[in-house]
Amino acid sequence: MKDRKGTLRQINLVPNFITAFGLACGLFVIFKSIMTPESGNLYDLLNASVLVLILAAFADFLDGAIARALNAETEFGFMFDSLADAITFGVAPSVLFLKSVRVFAGEGKFVFFSVVCAMVFSMCGVLRLVRFNVKTTLSKKNKVSQEEKMALKKSFIGLPIPAGAMVIVSLIYFLVSPQAAKWFYIDVKLRTVIIGVSMLVTGYLMICRWQFPSLKTLHIRVPSFHWMFVTVLSAIILLYGLLYYLPVVFLGVSVIYLLVGIALTVVKFARANNLSKRQ
């Protein structure tokens with residue numbers, strides 16, 4: 001009996017350990033940004049932060065998957081995961097944004113604008129997590145309709161906070177990268193406005209009622225060898241892009257997911273309007 005209890009505790013610790021790793025990644029990005037001097041290399045900071053946040057996003061996907069696979073889902077793990085996400089994907093991107101702006105002390109308007117955008121993004125991320133927790137808790141207690149339960153399993157209501165963080169961080173990373181500098185020039189003020197407005201829009205998408213696809217329910221079927229070849233070739237090209245053009249590919253993948261979610265919502269809304277008109 002003791003051995004069984006010990007094994008169960010070990011199983012329960014595995015998802016929480018992965019969640020703690022994701023939280024540590026977010027705290028590392030925050031503390032690294034604070035400790036980096038203004039004279040430091042901003043691109044190097046973003047390069048390290050992006051890699052760490054990608055690890056955190058992978059850990060966020062992995063802890064839930066392992067908890068479900070091992071039947072080790074607990075209330076503690078549920079709350080711990082949400083709090084970790086709030087810091088890693090809600091606060092860390094805002095800190096990176098404020099660090100990348102590097103607004104001069106005399107530019108009071110840009111300082112205020114930057115702080116407001118960062119605060120709105122973080123607050124919307126936290127509100128997104130709170131709504132998700134409430135919906136999930138009500139679903140477990142059978143206090144929501146069957147249609148809402150199916151919607152929670154198949155898609156996310158509002159942009160998930162890890163995806164929102166990836167959109168903002170990838171945009172910052174790209175605009176500061178040498179690749180972007182080769183194509184066009186953007187001064188600090190314009191970059192601040194672009195990223196700030198993007199944070200406001202992304203914050204709204206996190207708390208809106210739009211549905212975004214869930215990777216948990218993604219099932220890819222390859223009907224023939226030719227499609228298998230195309231899939232493998234695409235994976236190789238993506239890997240090459242990640243190795244040599246990380247800022248461009250990272251931004252592209254983040255924006256594609258965002259656009260797919262928006263397109264699915266528009267299509268669903270259009271179908272609902274057509275059905276209502278026919279009736």
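Residues numbered from 1 in each chain as written. Predicted model: local features only at pLDDT ≥ 70, side-chain atom pairs only at ≥ 80, totals over all residues. Heavy atoms only, no water.

Focus: the nonpolar core
Right, on to step 1. Core analysis: the largest hydrophobic core is formed by 50 residues, its most contacted members being L46, F97, L159, I172, I195, M199 and F250.
Right, on to step 2. If you list the elements that add at least two residues to this core, you get α1 (2-35), α2 (42-69), α3 (75-101), α4 (108-140), α6 (161-176), α8 (188-207) and α10 (246-278).
Right, on to step 3. Ranked by residue count, the leading element in this core is α6, at 13 residues.
Right, on to step 4. With sequence-adjacent residues up to four places away left out, F97 is seen in contact with S114, C117, A118, I172, T192, I195, G196 and M199. (Core = buried A, V, L, I, M, F, W, Y, C linked by side-chain atoms within 4.5 Å. Buried < 20%, exposed > 50% of the residue type's maximum accessible area, 1.4 Å probe, protein only. Helix = DSSP H or I, 4+ residues; strand = E, 2+ residues; numbered from the N terminus. Contact = heavy atoms within 4.5 Å.)

A short note on the packing of aromatic side chains
Right, on to step 1. The final tally for this structure, using the stated rule, is five aromatic pairs.
Right, on to step 2. For the ring pair F76 and F80, a centre distance of 5.8 Å and an interplane angle of 35 degrees mean the geometry is tilted. Taken as a pair, F76 and F80 lie in helix α3 at a separation of four residues, close to a single helical turn.
Right, on to step 3. Through a chain of ring-to-ring contacts, the aromatic side chains of F174, W183 and F184 assemble into a single cluster. (Phe/Tyr/Trp six-rings, centres within 6.5 Å; stacked < 30°, edge-to-face > 60°.)

Some points on the confidence of the model for the protein chain
Right, on to step 1. Residues of the protein chain with pLDDT of at least 70 account for 74%, and the chain-wide mean is 79.
Right, on to step 2. Here helix α5 (residues 146-154) stands out as the element of the protein chain with the lowest mean pLDDT, 58, in contrast to α6, whose mean of 92 is the highest. (pLDDT = per-residue confidence, 0-100.)

A word on the side chain of K99
Right, on to step 1. By secondary structure assignment, the location of K99 is in helix α3.
Right, on to step 2. On the basis of relative accessibility, which here comes to 11%, the residue K99 falls in the buried class.
Right, on to step 3. At 2.5 Å, the side chain of K99 forms a polar contact with the backbone oxygen of T36.
Right, on to step 4. If we skip the residues at most four places from it in the chain, K99 touches S33, I34, T36, P37, E38, L42 and L45. (Polar contact = N/O pair within 3.5 Å; in protein donor to acceptor, adjacent residues only side chain to side chain.)

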